[in-house]
Amino acid sequence: MEGTPHPIPRTVEEVFNDFKGRRAGLIKALTNDVEKFYQQCDPGNFFFFFFLASEKENLCLYGLPNETWEVNLPVEEVPPELPEPALGINFARDGMQEKDWLSLVAVHSDSWLLSVAFYFGARFGFGKSERKRLFQMINDLPTVFEVVTGAVKQVKEQAATQNNISKNKSSGRLPSRQPEPMPKGVKMSAPKDEDESGEEEEEDEQGTALCGACGDNYGTDEFWICCDICERWFHGKCVKITPAKAEHIKQYKCPSCSNKRARV
């Protein structure tokens, strides 16, 4: 239900802006204004309607294009001018944990937002390419459910972690799994069939890793790559691996580990 008329969106961009405004209002209700929203959904506040018309006791959460929200009774018009949100959210409130109830309302809100957006698309004859473009624009935004439950934050953190791992592999930076600098004289583990002198595996006084091929220190301006088998680091030039090649390597094996596997 919308008390104030809003411009009817007719293009993909206008429908997307309408979607964003309604979405912002719903997110505000379910996050920043959650206490106010919770109070307005008290089933007892609308019990008196039961004696007038039982169907009017079901409340809905509406997101408006101007980034506001309202809790109201559904319109009596059949069929309604726009798709209606889920009915009766107020009666589910006291039978669930608050966070579960908010998550449930968020899921139904996402469904309603999509139905309104594609209602406008159908009404104004959007073709296949326009519907696809509209969906892609919508799909680039986190859902209301993801924002309310915090899932969007977890997804971003996982994406950032994966991105960092990929960058470490291609740029040769030491990843987080690299061991802490060891005391002077302590050797890093080496493959069993290599020279036990361990000179290549020693670290210098600053605790810097040494190249497993040439024994030189790690340099920030050089490309390095780590063997996923023995976990030793090598200059890219020493093992003939470039950053471009590293981008396509899922599991890197140094020459020594590759030869061991071939003999086995």
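See the structure above.
Since we're looking at a predicted model, the values are computed, not measured.

Conventions we followed
Position labels on residues start from 1 in each chain and follow its written sequence. With the structure being a predicted model, the display of local features is reserved for residues of pLDDT at least 70 and the display and counting of side-chain atom pairs for 80 or more, all residues being used for whole-chain, interface and lining totals. Computation of side-chain values: all heavy atoms of the structure, hydrogens and water removed. Secondary structure counts use DSSP, requiring at least four H or I residues in a row for a helix and at least two E residues in a row for a strand, with both numbered from the N terminus. Exposed residues in this analysis have more than 50% of their type's maximum accessible area, buried residues have under 20%, and partly exposed residues fall in between, with area computed by a 1.4 Å probe over protein chains only. The contact rule is simple, with two residues in contact once any of their heavy atoms fall within 4.5 Å. Only the protein chains shown count as covering a residue, and every accessible area follows the Shrake-Rupley method with a 1.4 Å probe. Fitted lines through C-alpha atoms give the axes, limited to the stretch in contact for helices. The angle between two N-to-C directions lies from 0 to 180 degrees. Under this scheme an angle from 65 to 115 degrees is roughly perpendicular, one under 35 degrees roughly parallel, and one over 145 degrees roughly antiparallel; angles in between are oblique. In this scheme, a crossing is called left-handed if the near helix is turned counterclockwise away from the far one by less than a right angle; it is called right-handed if the turn is clockwise. For this scheme, ten residues count as nonpolar: Ala, Val, Leu, Ile, Met, Phe, Trp, Tyr, Cys and Pro. Four count as charged, namely Asp, Glu, Lys and Arg, and the remainder, Gly too, count as polar. By convention, a stacked pair of Phe, Tyr or Trp rings (six-membered ring in the case of Trp) has centres within 6.5 Å and planes under 30 degrees apart, an edge-to-face pair has planes over 60 apart, and any other such pair is tilted. Here a cavity denotes grid points, spaced 1 Å and computed from the protein atoms alone, that fit a 1.4 Å probe unable to get out, and a pocket denotes an open set having protein on both sides within 12 Å along at least 5 of 7 lines; residues with an atom within 4 Å of a point are the lining. Grid points are joined across faces, edges and corners, and a volume is the space filled by probe spheres set on the points. The term salt bridge refers to a pairing of a side-chain nitrogen on Lys or Arg with a carboxyl oxygen on Asp or Glu at a separation within 4 Å. Cysteine sulfur pairs qualify as disulfides if the two atoms are within 2.5 Å.

Trainee: How should the overall build of the chain be read in this particular structure?
Mentor: Broken down by element type, the chain carries 9 helices and 4 strands. Of the regular secondary structure in the chain, the N- to C-terminal order runs α-α-β-β-α-α-α-α-α-β-β-α-α. Counting over 264 residues, the chain shows a buried share of 35%. Considering only contacts in the chain between residues 6 or more positions apart, those separated by 24 or more positions represent 61%. Of the roughly 16000 Å² of accessible surface on the chain, 52% is carried by carbon and sulfur atoms.

Trainee: How should the packing of helix H1 (residues 12-30) against helix H5 (residues 128-139) be read in this particular structure?
Mentor: Think of two packed helices as two axes; the pair is described by the angle between the axes and how far apart they sit. Put simply, H1 and H5 touch, their axes get as near as 10 Å, and they point 30 degrees apart. Classed by the angle they form, the pair H1 and H5 counts as roughly parallel. As for the relative orientation of H1 and H5, their crossing is right-handed in sense. Facing H1, whose interface residues are Val12, Glu13, Val15, Phe16 and Phe19, H5 presents Glu130, Arg133, Leu134, Met137 and Ile138. Taken together, the residues of the contact of H1 with H5 break down into 7 nonpolar, no polar and 3 charged.

Trainee: How should the packing of aromatic side chains be read in this particular structure?
Mentor: Aromatic ring pairs are reported here in terms of the distance separating the ring centres and the angle at which the planes meet. The full count for this structure, using the stated rule, is 5 aromatic pairs. Taking 5.6 Å as the distance between ring centres and 85 degrees as the angle between the ring planes, the aromatic pair formed by Tyr38 and Trp101 counts as edge-to-face. Residue Tyr38 is located in helix H2 (residues 34-40), and its partner Trp101 is located in helix H4 (residues 98-123); the two are separated by 63 residues in the primary sequence. The partly exposed category is assigned to Tyr38, whose relative accessible area is 23%. We classify Trp101 as buried; its relative accessible area is 1%. The interplanar angle of 90 degrees and the centroid separation of 6.3 Å between the aromatic rings of Tyr62 and Trp112 together place this pair among those described as edge-to-face. Taken together, the residues Tyr62 in strand E1 (residues 60-63) and Trp112 in helix H4 connect sequence positions 50 residues apart.

Trainee: Is there a simple way to think about empty space enclosed by the protein in this case?
Mentor: Summary: where empty space remains is shown by rolling a probe the size of a single water molecule over the atoms. In total, this model carries 1 cavity of 30 Å³ or more according to the counting rule given. Size it by volume and the largest cavity reaches roughly 50 Å³. Together, Leu61, Pro85, Ala86, Ile89, Val105, His108 and Ser109 line the largest cavity. Top contributing element to the lining of the largest cavity by residue count: H4, with 3 residues. Along the lines of polarity and charge, the residues of the lining of the largest cavity split into 5 nonpolar, 2 polar and no charged.

Trainee: Is there a simple way to explain unusual backbone geometry in this structure?
Mentor: Note: most residues except glycine have negative phi, and most peptide bonds are trans. The omega torsion of the bond from Val78 to Pro79 falls at -5 degrees, within 30 degrees of zero and hence cis. By secondary structure assignment, the location of Pro79 is in the loop between strand E2 (69-72) and helix H3 (89-93). Its identity is not glycine, yet Glu67 carries a phi of approximately 70 degrees, on the positive side. Positive phi values are uncommon outside glycine, yet Glu231 reaches one of about 65 degrees. Residue position: Glu231 is located in the loop between strand E3 (224-226) and strand E4 (233-235). Under the relative-accessibility criterion, Glu231 is labelled partly exposed at 45%.

Trainee: Mind showing me how you'd approach the pattern of salt bridges here?
Mentor: Side chains bearing opposite charge may pair, as long as their charged atoms lie close to each other. The full count for this structure, using the stated rule, is 4 salt bridges. As a salt-bridge pair, Asp18 and Arg22 come within 2.6 Å of each other at their nearest N and O atoms. Taken as a pair, Asp18 and Arg22 lie in helix H1 at a separation of 4 residues, close to a single helical turn. Across the pair, exposure class does not vary: Asp18 and Arg22 are buried alike. Put simply, Asp42, Arg93 and Asp94 are held in one network by salt bridges that share partners.

Trainee: What is the right way to read the state of the cysteines from this model?
Mentor: Every disulfide links exactly two cysteines, by a covalent bond between their sulfur atoms. This model, assessed by the stated rule, comprises 0 disulfides. The thiol of Cys211 is unpaired, and the distance to the nearest cysteine sulfur, on Cys214, comes to 3.7 Å. Free of any disulfide, Cys238 has its nearest neighbouring cysteine sulfur in Cys214, separated by 3.8 Å. Among the residues examined, Cys238 registers a relative accessible area of 33% and is labelled partly exposed.

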